[in-house]
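# Architecture at a glance
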Amino acid sequence: MSTTTSTTSTTTHTVAGHALRTTVPVGAHYVEGSPLENAGPLASGTVVLDETVAPLAPWSARLLAGQTLTIVDVGGNQSADFLVYNAHDTDERYSVPDTLAWQGNAYLREGSVLRSNLGRPLMTVTGNEIDRQDTIGGACSKESNTLRYGFHTEHQHGCRENFLAEAARHGLGARDLVSNINWFMNVPVEPDGALGIVDGMSAPGKRVAIRAEMDVLVIVSNCPQMNNPCNDFNCTPLRMLVTDPLRETGPDNA
Amino acid sequence: MTSIADDHQTDSVLAARADARAQAERTSEYMPYRPASSSPVVPEGVDRDALVWAETVAPGGYTHKVIARGTRLRLDDPTGSACAHVVVFNALETNERLNVADTIKIPWQAYLGAGHPLLSGDGRALATITADTSGHHDTFCGTSSDESTTAKYGSAAPEGPSPSGRSRFLLAAAKHGLTGRDLPPSVSFFQGVRVEPDGALTFLGSAGAGTHVELVAELPLIVLIVNVPHPLDPADDYLVGPLTVHAWPGEPTLPGDPQFTATPEVNRAYLNSIDYAEARAL
């Protein structure tokens, strides 16, 4: 769908129901015909929030203690870059080293407790449908892309841009961004220490469920990366479902 | 279904590393050139070997840099459809920043052109426009917001086809530890606005392809540049062209330079900037 004006390439996108032509080099969405599986929640209780995060987009939500977030990997092997904060004091936020040292394992699985920089449980992985989840690979950014792939990638949208944009909606900024979780991304550490993002182990409809252990703010980037296999080179949506075990009625605060 | 993944062998760390490294020689229409002397679009008359910043900013993109006092900063609009929204800060004390009101009030002139200073709210010149072949600029409308962008284009999503200027400024500012409260109104280059007798703001648009603006930093600056359509751009589509940026070392406006005493007001602004710089041994 690319066309060329005199000098600047344009593409056309459907935005709010009409066709918008733009010169912005927007990242690629999934190809037509990609299998998509909108699975339901991986936790019991009433669904109080059900939202789809478009490919490439940021997202955030507040969860009350006891509520569970199910993230559905709708298209398969789509990295959900994830940060979590104490909703009432965002100085307390997710900590990779506290989480890993406490559990004595480099990967996240069912039962993993997501700990804060104060060592306290922010959330717990209560359900997980892939072998292991990543929290050592960090987020992509337009700047780090230039290191890994070359300067030609500098203009591309990245997770750090998403994190910054979404964090700003909550009064947070660059100093609040820390190492994150990448749900559905595969980052093995090999026997000789080699580490990298390789082909994923997920599939359309695979899920992870994370229960809030305190009131939390969750910020997510639906990773726009097209230079490595973290999204299977095919950026797909994520479905976000929040369930509340105590609520008896359907969604009313979405 | 053919997938891009089929073109990549990434099933082990070493394979993924090789796949990533193989991408390094690619180029893009929109990218920074490093070293800056490798720029493929050095403006005529500019010494390639002196460059400290060279980049083509994508449509809808942004860039930012800390530049030394005296640095010359040149913005080029190769297609006639760029719109460079600019904010500058004193890099040493970011509460001192572009003040658009003072920038037009003190020089008794609303329309930017060569010799026009970019003033802070602290009575100092942060920068001066040293050359201008466009003359189509704006000090009234600032940049686009998410609200105005969504109303006009249907979306202002940061990852989408029509990002807002403010959202881009927020990202650029964040890279320097600054947030929304640090963002003052901006000026924009290459898309003009004129005020009619009744106050109506008329969009002049571009002066055409191939114009440029050059500025000199009177103090060490954090420069934020956002390339999005002008808020009054009448087009229904989001059509902004690429923007090229080059910078090289030089001198601030000093005694002896005709610009130093061009007007009594700007003379005192330069004296204030020099006073600040000398006290800090810049």
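Residues numbered from 1 in each chain as written. Chains lettered and ligands numbered in written order. Predicted model: local features only at pLDDT ≥ 70, side-chain atom pairs only at ≥ 80, totals over all residues. Heavy atoms only, no water.

### Some details on a negative patch on the surface
- A cluster of acidic residues, Asp 199 and Asp 232 of chain A together with Asp 6, Asp 7 and Asp 11 of chain B, forms a negative patch on the protein surface.
- Looking at where Asp 232 of chain A falls in the secondary structure, it is placed in the loop between strand E12 (216–222) and strand E13 (238–244).
- Note on Asp 232 of chain A: relative accessible area 33%, which makes it partly exposed. (Patch = residues over 30% accessible without salt bridge, like charges linked within 9 Å, V, L, I, M, F, W, Y side chains within 5 Å. Areas by Shrake-Rupley, 256 points an atom, 1.4 Å probe, with all protein chains shown as cover. Salt bridge = Lys/Arg side-chain N within 4 Å of Asp/Glu carboxyl O. Lys, Arg positive; Asp, Glu negative; His and termini not counted. Charge placed at Lys NZ, Arg CZ, Asp CG, Glu CD. Helix = DSSP H or I, 4+ residues; strand = E, 2+ residues; numbered from the N terminus. Buried < 20%, exposed > 50% of the residue type's maximum accessible area, 1.4 Å probe, protein only.)

### A short note on the interface of chain B and chain A
- The partner chain A presents 55 residues to the 50 residues of chain B that form the contact.
- Here chain B and chain A share an interface that buries about 4000 Å² over both sides, 62% of which is from carbon and sulfur atoms.
- Summed over the shared surface of chain B and chain A, the result is three salt bridges.
- The closest approach of N and O atoms between Glu 161 of chain A and Lys 175 of chain B, which form a salt bridge, is 2.7 Å.
- Per element, the largest residue contribution to the side of chain B that touches chain A is four residues, and it comes from helix H1 (residues 13–21) of chain B.
- Per-class residue counts for the side of chain B that touches chain A are 23 nonpolar, 16 polar and eleven charged. (Contact = heavy atoms within 4.5 Å. Buried area = accessible area lost by both parts, 1.4 Å probe. Nonpolar A, V, L, I, M, F, W, Y, C, P; charged D, E, K, R; others polar.)

### Thoughts on the pairing of strand E11 (residues 211–217) of chain B
Residue and element names in this part refer to chain B.
- Counted residue by residue, E11 has seven buried out of seven residues, so it is predominantly covered.
- The side-chain alternation of E11 yields two buried faces, one formed by Thr 211, Val 213, Leu 215 and Ala 217 and the other by His 212, Glu 214 and Val 216.
- Inspection of the sheet shows strand E3 (residues 72–77) paired to E11 by six bridges, in the antiparallel sense. Opposite Leu 73, over in E11, you have Leu 215 as the bridge partner. (Pairing = 2+ DSSP bridges.)

### Digging into the domain arrangement of chain A
All names here are of chain A.
- Here the domain parsing of chain A yields domain 1 (1–30) and domain 2 (35–244).
- Taking only C-alpha atoms, the centre of domain 1 and the centre of domain 2 are 29 Å apart.
- Of the residues lining the interface, six residues belong to domain 1; the matching set on domain 2 comes to nine residues.
- A combined buried area of about 580 Å² lies between domain 1 and domain 2, and 72% of that area is made up of carbon and sulfur atoms.
- Together, Ala 28, His 29 and Tyr 30 form the three largest contributors to the area buried by domain 1 at its contact with domain 2, with a combined 81%.
- Counting every contact that joins domain 1 to domain 2 gives zero salt bridges.
- Taken together, the links from domain 1 to domain 2 amount to one residue pair in polar contact (both at pLDDT 80 or more).
- Partitioned by chemical class, the residues of the side of domain 1 that touches domain 2 number four nonpolar, two polar and no charged. (Domains from an automatic or database assignment. Polar contact = N/O pair within 3.5 Å; in protein donor to acceptor, adjacent residues only side chain to side chain.)

### A short note on the confidence of the model for chain A
- With 95% of its residues at a pLDDT of 70 or more, chain A has an overall mean of 93.
- Ignoring residues within four places in sequence, the model shows residues 1–5 of chain A, a span with pLDDT below 50, making ten contacts including any to other chains. (pLDDT = per-residue confidence, 0-100.)

### Observations regarding empty space enclosed by the protein
Residues and elements named next belong to chain B.
- Evaluated as defined, the whole model comprises one cavity of 30 Å³ or more.
- Looking at the largest cavity, the residues that line it are Ile 67, Thr 71, Leu 73, Val 86, Val 88, Ala 127, Leu 215, Val 216, Ala 217, Leu 221 and Val 223.
- Among the elements that line the lining of the largest cavity, the one with the most residues is E11, at three residues.
- Of the residues in the lining of the largest cavity, the class split is ten nonpolar, one polar and no charged. (1 Å grid on protein atoms, 1.4 Å probe; cavity = no way out; pocket = protein on both sides within 12 Å on 5 of 7 lines; lining within 4 Å. Points joined across faces, edges and corners; volume = space filled by probe spheres on them.)

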